[in-house]
Amino acid sequence: NAEEVLWDWHQPLRLLALYLLLSLPFFFAASGIALALTRYGKDVPRIYAADLLGAGAGSLGIVLLLFGVFPGTALRVIGVLGLVAASAASLELRLARRRWPILAPLGAALLIALPDAWLELQISPYKGLPQTLRIGGTRILEERSSPLGLLTVVESQRIPLRHAPGLSLYADTPIPEQLGLFTDADNMTAINHNPGQQRLPYLDWQTSALPYYLAEPEQVLVLGAGGGAEVQQALNHGVPRVDAVELNPQVIDLVSNDFAEYSGRLYQRPGVRVHIADARGFIRESRERYDLIQISLLDAFGASSAGLYALNENYLYTVEALQDYLQRLTPGGYLAISRWIKLPPRDSLKLYATALRALRETGVAEPQRQLALIRGWQTATLLIKDGAFTAREIENLRAFCTARAFDVAWYPGMKETEANQFNVLEQPYFFQAATALNGSGDRDFMARYKFNIEPATDDRPYFFHFFKWRVLPEILALRGQGGLPLLESGYLIMAATLLQAVVISTLLILLPLGMRRWETPAHSSRIRRTRIVLYFFAIGLAFLFIEIAFIQKFILFLDHPLYAVATVLTAFLVFAGLGSASISRFPKDTAPPSRLAGKAVAGIIALGLAYSLLLGPLCDSLMNISMAWRVLVSILLIAPLAFCMGMPFPLGLARVGAGMPGFIPWAWGINGCASVVSAVMASLLAIQFGFTVVVISALLLYLAAALTFP
């Protein structure tokens, strides 16, 4: 339990045990590769190429595997593949007369025969699903798994579920029977029982119903349809056409097929069109215009309030995203975004600041005249209009809030005395913050505010990052008074992880030097150990910096995080492997390692700078081509950069092997340590400065590596 790490000494020991357990397969796999590199030093480029090509195949293979099987079964497959690799190695090493040919198939059979309970996923008891299952009479009806997550449908027979986020305290309408739909044992949405396809009045008592009381939309787009509550909300008001967009096809399949009768065939009703797509991708490709675009609550309140999403890139709530949505509105149309309320206020204010910047950057002189913000006791809804709000709309908004005990946080011309009427806070914080953000002192207000509410952008898509270092002492001082929930722990966990990685990596790099006397020939004195550390650590950091940054850059182009991960990782690893393999084709007398490394780094820097400037506009211009062509274009763009990136490591390793072969495993370990540090550091740099800075940092690291070539 991460929250108990600060005061329960057992928790760090459990964390250490997890580290040691998870490190075992990597320890033995890395040892095998290091032994191969040491024994066959002349074939370093080929061995490294095989390693990268295998990693590329694994990156794509695991994604495909998780579409077909549950994680427990995937573990069996991975275990069997490990034994197949051991068998292949035993044949290569001529160990066929020994026990390996018998032990490997026996081990595979044992893995396959393991009881399912041994490999069953153990879910954290602090998540929503285990908490719900503690209710008597609750049972799991259906489970689905994919790389997008584990879906679980739950029925509570004894105590009915009552999932109605932000429901008005004045509501007296019944909530229908529901099934809980959990993603990764949290982030619950509800499938309403409505076989008669009736109107469900309780949906009109949520803050998200506001736009239907200001106008009568004819075309509505719901982003993040999930179990379908927002779709039903639109049907409640007789909307003739509703487009529902959902990223996970298994969610649509559950509602449309397995529980179609239960939901009243919600997604098959006349006028409802379902699209399996990423929200941003759908918006960019669509040429339709909508009277209302609604973004529903897409995350679990518990995780959101704990700051655990701080490290998740989210392209739904960036400045560029809001501008994309606004372009798809009809004249006078609305964009409605609902969020959970955190106190002190964070989410809603950051969203409000993002909307202001999005409108200002599109040339709106008085953006506050196009914004309205209301809040209940649990949720808040921001309305962004294509045009200024009219007096009639404002009157309807006030009547809607008064009837439901919702507080108005902002509308054009609002007075402070109108705020903080029902869900009373010590001060009208939401109104005061909105007023400050509307004015010319908005940047000063954001700088002084206790939480980070700077608008997120596509280059820094961390909407849920609210942490500020200067607030940490104040929160820790309140720990004994229940102040710990104010701590945005996600960022701190990442910072602590980086500190651990740096300390452990330093120990692992320095310990081998003191454990044995290295046998080095006299002519190797030119190769300094410091250069080895700097070179291999720099390229280890730089390689993952570029990989992680490109995954994020291609999420928007490929419309789907899975496509981006599978395409970018596979392309980088495969073409880097080909780059490594190509080294053996260069004659050593005309192309010494130092010269080849210099040319490879020059290619990396040139391509990296070109992509930093041109990749965004190029991808935007190609958004209209089909997905297959976009994947191909992505691979073609990555190929030359990855090809060059595959050369510095084997060239450096070959140079070390020529002078100090005993240092090859050490150099391999330095590169591995750098990869661990790099993965964490890249995320922290992106949060603070954006992915462009991550790419530039990687190019500077490659330049440093070229200057320290051993």
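Scroll up to find the structure.
We now turn to the structure provided with this report. (Residues numbered from 1 in each chain as written. Predicted model: local features only at pLDDT ≥ 70, side-chain atom pairs only at ≥ 80, totals over all residues. Heavy atoms only, no water.)

**Here's the deal with the sheet that holds strand β7 (residues 272–276)**
What counts here: We treat two strands as partners when DSSP finds at least two bridges between them. Helix and strand definitions follow DSSP, with helices as H or I runs of at least four residues and strands as E runs of at least two, each counted in order from the N terminus. The angle between two axes is taken between their N-to-C directions and runs from 0 to 180 degrees, where each axis is a line fitted to C-alpha atoms and a helix contributes only its stretch in contact. The contact definition used throughout considers only heavy atoms, calling two residues in contact when any of these lie within 4.5 Å.
Strands sit in the order β7-β6-β5-β8-β9-β11-β10-β12 across an open sheet of eight strands; the sheet is mixed. The outermost strands of the open sheet, each flanked by one partner alone, are β7 and β12 (407–410). Strand-to-strand, the axes of this sheet are offset by a mean angle of 20°, without reference to chain direction. Bridge count for strand β9 (residues 329–340) against strand β11 (residues 379–385) is seven bridges, and the pairing is antiparallel. Residue pairing for β11: Ser-338 is matched across the bridge by Thr-381. Sheet strands in contact with helix α14 (residues 429–438) are β10 (371–375) and β12, and its direction is about 20° off that of β12.

**A short note on the nonpolar core**
For soluble globular proteins, the rule of thumb is that nonpolar side chains tend to be buried together. Going by this rule: In this description, a nonpolar core means a group of buried Ala, Val, Leu, Ile, Met, Phe, Trp, Tyr and Cys residues linked to one another through side-chain atoms lying within 4.5 Å. The classification of residues rests on relative accessible area computed with a 1.4 Å probe and restricted to protein chains. Under 20% of the type maximum is buried, over 50% is exposed, and intermediate values are partly exposed.
Core analysis: the biggest nonpolar cluster contains 93 residues, and Val-231, Tyr-325 and Leu-335 have the highest contact counts within it. In terms of nonpolar packing, the next biggest core, distinct from the first, is built from 92 residues, Phe-536, Leu-544, Ala-571 and Leu-701 among them.

**Digging into the environment of Thr-330**
Along the chain, the position of Thr-330 falls in strand β9. Each C-alpha atom, one on Thr-330 and one on Arg-289, is 5.5 Å from the other, the two residues being 41 residues apart in sequence. Residues in contact with Thr-330, not counting those within four places in the same chain, are Arg-289, Tyr-290, Asp-291 and Asp-386.

**Details of the sheet that holds strand β4 (residues 186–192)**
Spatial strand order, β1-β2-β3-β4: four strands in an open sheet with antiparallel pairing. What marks the edges here is a single partner per strand, and that holds for β1 (138–146) and β4. Along the sheet, successive strands turn relative to each other by an average axial angle of 25°, direction set aside. Of the strand pairs in this sheet, strand β2 (residues 149–156) and strand β3 (residues 178–183) are connected by four bridges, and their pairing is antiparallel. Paired with Thr-152 across the two strands is Phe-182, which belongs to β3.

**Points about empty space enclosed by the protein**
Any empty space left between atoms is shown by rolling a water-sized probe over those atoms. Basically, it comes down to this: Points on a 1 Å grid, built from protein atoms alone, make a cavity when a 1.4 Å probe fits but cannot get out and make a pocket when they are open with protein on both sides within 12 Å along at least 5 of 7 lines; residues with an atom within 4 Å of a point are the lining residues. Grid points are joined across faces, edges and corners, and a volume is the space filled by probe spheres set on the points. Side-chain classes follow a simple rule in which Ala, Val, Leu, Ile, Met, Phe, Trp, Tyr, Cys and Pro form the nonpolar group, Asp, Glu, Lys and Arg form the charged group, and the remainder, Gly included, forms the polar group.
Under the criterion given, the structure shown has two cavities of 30 Å³ or more. Counting only elements with at least two residues in the lining of the largest cavity, the list comes to β4 and α6 (229–236). The element contributing the most residues to the lining of the largest cavity is β4, with three residues. Residue composition of the lining of the largest cavity, by class: five nonpolar, six polar and no charged. Taken as a whole, the second largest cavity holds about 50 Å³ of empty space. As for the second largest cavity, its lining consists of Arg-375, Asp-407, Val-408, Ala-409, Ala-419, Asn-420, Pro-428, Tyr-429, Phe-430 and Phe-431. A class-by-class count of the residues in the lining of the second largest cavity yields seven nonpolar, one polar and two charged.

**Looking at helix α13 (residues 391–404)**
An α-helix turns once per 3.6 residues; consequently, residues spaced three or four apart project the same way. We count it as follows: Take the residue count of a helix, subtract one, and multiply by 1.5 Å to get its expected span.
Helix length check: α13 (14 residues) gives 20 Å between terminal C-alpha atoms against 20 Å at 1.5 Å per residue, within 8%. Each element contacted by the buried residues of α13 is listed here: β9, β10, β11 and β12. Directly after α13, the chain includes Ala-405, whose backbone phi takes a positive value near 60°.

**Observations concerning helix α1 (residues 10–39)**
End to end, α1 covers 43 Å across 30 residues, agreeing with the expected 44 Å (1.5 Å per residue, within 8%). Those residues of α1 not exposed but buried are Gln-11, Ala-34 and Leu-37. Buried residues in α1 make contact with α2 (44–68), α22 (648–659) and α23 (664–689).

**Quick word on the side chain of Ser-348**
The residue Ser-348 is located in helix α12 (residues 347–361) in this model. Classification of Ser-348 by relative accessible area gives buried; the value is 6%.

**Structural notes on the pairing of β2**
Most of β2 sits out of view: eight of its eight residues are buried. Across eight bridges, β1 lies against β2 in antiparallel orientation. Bridging across to β2, Ser-146 finds its partner in Gly-149. As consecutive antiparallel partners, β1 and β2 are separated by two residues.

**Considerations on a nonpolar patch on the surface**
To be explicit about the condition: A residue counts toward a patch only above 30% relative accessible area and without a salt bridge, and it is joined to like-charged neighbours within 9 Å or, for Val, Leu, Ile, Met, Phe, Trp and Tyr, to nonpolar neighbours within 5 Å. What sets the accessible areas is the Shrake-Rupley method with a 1.4 Å probe; for residues, cover comes only from the shown protein chains. We define a salt bridge as a contact between a side-chain nitrogen of Lys or Arg and a carboxyl oxygen of Asp or Glu at a distance within 4 Å.
A contiguous nonpolar surface patch, about 810 Å² in accessible area, is contributed by Trp-9, Leu-13, Leu-15, Leu-16, Leu-18, Tyr-19, Leu-20 and Leu-22. Structurally, Leu-22 is set in helix α1. When its relative accessible area of 56% is taken as the criterion, Leu-22 is described as exposed.

**Here we look at the packing of aromatic side chains**
This is how it is decided: In summary, the pairing rule links any two rings of Phe, Tyr or Trp, Trp by its six-membered ring, whose centres are within 6.5 Å, and it sorts them by plane angle into stacked for under 30 degrees, edge-to-face for over 60 and tilted for everything else.
On inspection of all chains with the given rule, the structure shows 23 aromatic pairs. Ring geometry for Tyr-48 versus Phe-649: centroids 4.5 Å apart, planes at 40°, classification tilted. One end of the pair, Tyr-48, is in helix α2; the other, Phe-649, is in helix α22, and 601 residues separate them in sequence. When its relative accessible area of 9% is taken as the criterion, Tyr-48 is described as buried. With 6.2 Å between their ring centres and 65° between their planes, Phe-554 and Phe-557 make a pair best called edge-to-face. One end of the pair is Phe-554 and the other is Phe-557, both in helix α18 (residues 529–558) and three residues apart, which spans about a single turn.

**Structural notes on the pairing of strand β5 (residues 219–223)**
Short version of the rule: Throughout, right-handed denotes a crossover for which the path from the first strand over the helix to the second runs clockwise when the strands point away from the viewer.
Burial analysis of β5 places four of its five residues in the buried class, the great majority of the element. Note: β5 against strand β6 (residues 241–246), five bridges, orientation parallel. Residue pairing in the sheet places Leu-221 in a bridge with Asp-243 of β6. Each parallel crossover has a hand, and for β5 linked through α6 to β6 it is right-handed. Bridge analysis of β5 against strand β8 (residues 290–295) gives four bridges, and the strand direction is parallel. Paired with Val-222 across the bridge in β8 is Gln-294.

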